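So you can see what is in the structure, the chains are spelled out below.
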Amino acid sequence: MNTLNHLAIIMDGNGRWAKNRTLIRTDGHKKGADTVENIAIYCAKNGIKNLTLYAFSTENWKRPKSEVDFLLNLLLKFIKLKENLFLENSIRFHTIGDLSPFSTQLKNAIANLKDKTKDNSRLNLILAINYGSQNEIVRAVNSALANGVKIDEKSISSHLDSADFGDVDLMIRTGGEHRLSNFLLWQSSYAELAFTPTLWPDFDTKELDEIIAKFKITHRKFGAI
């Protein structure tokens, strides 16, 4: 039976979920935030140590400004309003990605939640925000060079944003698309991949449980036989 230490999810389908119900796209994002809470609690209760969620990519800045502003405001509200979620379930909050373009208010809220949850130990919930894997790898290489470290696989891995959380064991993408969209490319080199047509707001713990059950009995070869 495979052990699932690091689960990564590309949360896709919020906009289509809203469109299917003749709602505006932002309604889909609101509903998707509820799914984040449900999945995080499931992981905390089921021994999954690391959950990385693709919340806002470096490419998402290309979306209409009104939607970008809404997403960042929704992120701010989530961080402020869901503090009890983290504390009651012993979930520690982390981020990966370049936070520098964000407002001082958002950066302060992120830092505050990280500090308040630093002693929690059941689950590391890692939000990938303003994150792109290619950007992360470039930054990791430059950081290693600045530290005078020889560039090899080990040194790059140790300078990645997610260095503390290890490689991804299982990558799930909701919404029916079959691509990784510049998400944790280095860390997922030997991850098992699962794609589901279920739109993110409809994704539930029952389906997650089924995907994990299949993962646990998969023969993971890592290049061997």
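Overview of the structure. Just so you know, these numbers come straight off a predicted model, no measurement behind them.

Definitions and cut-offs
Residues numbered from 1 in each chain as written. Predicted model: local features only at pLDDT ≥ 70, side-chain atom pairs only at ≥ 80, totals over all residues. Heavy atoms only, no water. Helix = DSSP H or I, 4+ residues; strand = E, 2+ residues; numbered from the N terminus. Rg over C-alpha atoms; globule rule 2.2 N^0.38 Å. Buried < 20%, exposed > 50% of the residue type's maximum accessible area, 1.4 Å probe, protein only. Contact = heavy atoms within 4.5 Å. Areas by Shrake-Rupley, 256 points an atom, 1.4 Å probe, with all protein chains shown as cover. Lys, Arg positive; Asp, Glu negative; His and termini not counted. Charge placed at Lys NZ, Arg CZ, Asp CG, Glu CD. Phe/Tyr/Trp six-rings, centres within 6.5 Å; stacked < 30°, edge-to-face > 60°. Axes fitted to C-alpha atoms, helices over the stretch in contact; angles between N-to-C directions. Parallel < 35°, antiparallel > 145°, perpendicular 65-115°, else oblique. Left-handed = near helix turned anticlockwise from the far one by under 90°. Nonpolar A, V, L, I, M, F, W, Y, C, P; charged D, E, K, R; others polar. Polar contact = N/O pair within 3.5 Å; in protein donor to acceptor, adjacent residues only side chain to side chain.

## Quick word on the overall build of the protein chain
Next up, step 1: Per the secondary structure count, the protein chain includes eight helices and six strands.
Next up, step 2: Here the C-alpha radius of gyration of the protein chain, 17 Å, is about what a compact globule of 225 residues would show, namely 17 Å.
Next up, step 3: When its C-alpha atoms are laid out on the principal axes, the protein chain stretches across 50 × 45 × 35 Å.
Next up, step 4: Of all 225 residues assigned to the protein chain, the portion counted as buried reaches 48%.
Next up, step 5: Pairs at least 24 apart in sequence give 76% of the contacts found in the protein chain among residues at least 6 apart.
Next up, step 6: Surface exposure of the protein chain reaches about 11500 Å², of which carbon and sulfur atoms provide 50%.
Next up, step 7: For the protein chain, the separation between the mean place of its 30 positive charges and that of its 26 negative charges on side chains is 2 Å.

## Some words on the packing of aromatic side chains
Next up, step 1: Following the criterion strictly, the structure yields nine aromatic pairs and no others.
Next up, step 2: Ring geometry for Tyr54 versus Tyr131: centroids 6.0 Å apart, planes at 80°, classification edge-to-face. Linking Tyr54 in strand E2 (residues 50-57) with Tyr131 in strand E4 (residues 123-131), this pair joins segments that are 77 residues apart in sequence.
Next up, step 3: We classify Tyr54 as buried; its relative accessible area is 9%.
Next up, step 4: An angle of 85° between the planes, with centres 5.1 Å apart, marks the rings of Phe56 and Trp61 as edge-to-face.
Next up, step 5: Given a relative accessible area of 36%, Trp61 falls into the partly exposed group.
Next up, step 6: One aromatic cluster in this structure is built from Tyr54, Tyr131 and Phe183.

## Digging into the packing of helix H2 (residues 25-45) against helix H3 (residues 65-81)
Next up, step 1: Closest axis-to-axis distance for the H2/H3 pair is 11 Å, and the angle between their directions is 25°. What the angle tells us is that H2 and H3 run roughly parallel. Two packed elements cross with a definite hand, and for H2 against H3 that hand is right-handed. Residues Arg25, Thr26, His29, Lys30, Ala33 and Val36 of H2 touch H3, and the partners they reach there are Glu67, Phe70, Leu71, Leu74 and Phe78.
Next up, step 2: Partitioning the contact of H2 with H3 into residue classes produces six nonpolar, two polar and three charged.

## A closer look at the side chain of Asn14
Next up, step 1: Mapped onto the elements, Asn14 comes out in helix H1 (residues 14-20).
Next up, step 2: A distance of 3.2 Å separates the side chain of Asn14 from the side chain of His29, its partner in a polar contact.
Next up, step 3: When residues no more than four places from it in sequence are discounted, the contact partners of Asn14 are Gly28, His29, Gly32, Trp200 and Pro201.

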